[in-house]
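Structure at a glance
In case you want the letters, here they are:
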Amino acid sequence: MRPDYPWGLKLPYLKLLGPDSNRSVFARRRIRTKRSGDLERLLLSLPPRLGGLGFTIPTNLSAIEFDASMTVTKPLYDLILQKKTHYPLSVFEAQIQAKKQLHQSKQQQTQDTAANLLPQLSESSQRSMVLTQEKGASS
């Protein structure tokens, strides 16, 4: 069982809250992180093969993933409503086909995002993004 830390802080930050700690050091450490803008967030959310780091942005993905889940599970949902006792092969194949289409549309959307993002970046960021795309992600 994981111990509960106050405010969701990890052990290094808890040491800063000790009885003989300097509270201003704690505040400076927590505030020191630079807030990134939307452009940087989008760049970091791209997959590594397109020049990003693969970070997810839940607010951008939630609607897409919900729709994907509804599309893939719709045939099974219909069977449940019809009170069918067996799972036909045609339903299974329909789900596989839906997954393939969703995967292709997600890839296309990611590539479109990268293409739209490229002209907005600084010249050095554009060069490194193009270089990364040419090299591809190492596996």
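Look up: the structure comes first, before these words.
Report follows, based on the coordinates.

What counts as what
Residues numbered from 1 in each chain as written. Predicted model: local features only at pLDDT ≥ 70, side-chain atom pairs only at ≥ 80, totals over all residues. Heavy atoms only, no water. Helix = DSSP H or I, 4+ residues; strand = E, 2+ residues; numbered from the N terminus. Contact = heavy atoms within 4.5 Å. Bend = angle between axes of the 7 residues up to and from the residue. Buried < 20%, exposed > 50% of the residue type's maximum accessible area, 1.4 Å probe, protein only. Patch = residues over 30% accessible without salt bridge, like charges linked within 9 Å, V, L, I, M, F, W, Y side chains within 5 Å. Areas by Shrake-Rupley, 256 points an atom, 1.4 Å probe, with all protein chains shown as cover. Salt bridge = Lys/Arg side-chain N within 4 Å of Asp/Glu carboxyl O.

Glancing now at the environment of V72. Mapped onto the elements, V72 comes out in helix 4 (residues 58-81). On a C-alpha basis, the gap between V72 and Q101 in space is 10.0 Å, while along the polypeptide they are 29 residues apart. Beyond its immediate stretch of four places on either side in the chain, V72 contacts Q95, A98, K99 and L102.

Take helix 4 next. At K74, helix 4 shows its maximal bend, which comes to roughly 50 degrees, and the proline P75 appears one to four places after that position. Listing the buried residues of helix 4 in full gives A68, V72 and L79. For helix 4, the secondary structure elements touched by its buried residues are helix 5 (89-117). Remark: K83 follows helix 4 within two positions and exhibits a positive phi of approximately 60 degrees.

What follows is about a nonpolar patch on the surface. Together, L76, I80, Y87, L89, F92 and I96 make up an exposed nonpolar region whose accessible area comes to about 560 Å². For the nonpolar patch, the elements supplying multiple residues, two or more each, are helix 4 and helix 5. Along the polypeptide, I80 turns up in helix 4.

According to the stated counting rule, one finds two salt bridges in the structure shown. The salt bridge partner of K106 is E65, with a shortest N-O separation of 2.9 Å. Pair noted here: K106 is in helix 5 and E65 is in helix 4, with a separation of 41 residues, a long-range link. Classification of K106 as partly exposed rests on a relative accessible area of 30%. Put simply, D78 and K74 hold a salt bridge, and the shortest N to O gap is 3.0 Å.

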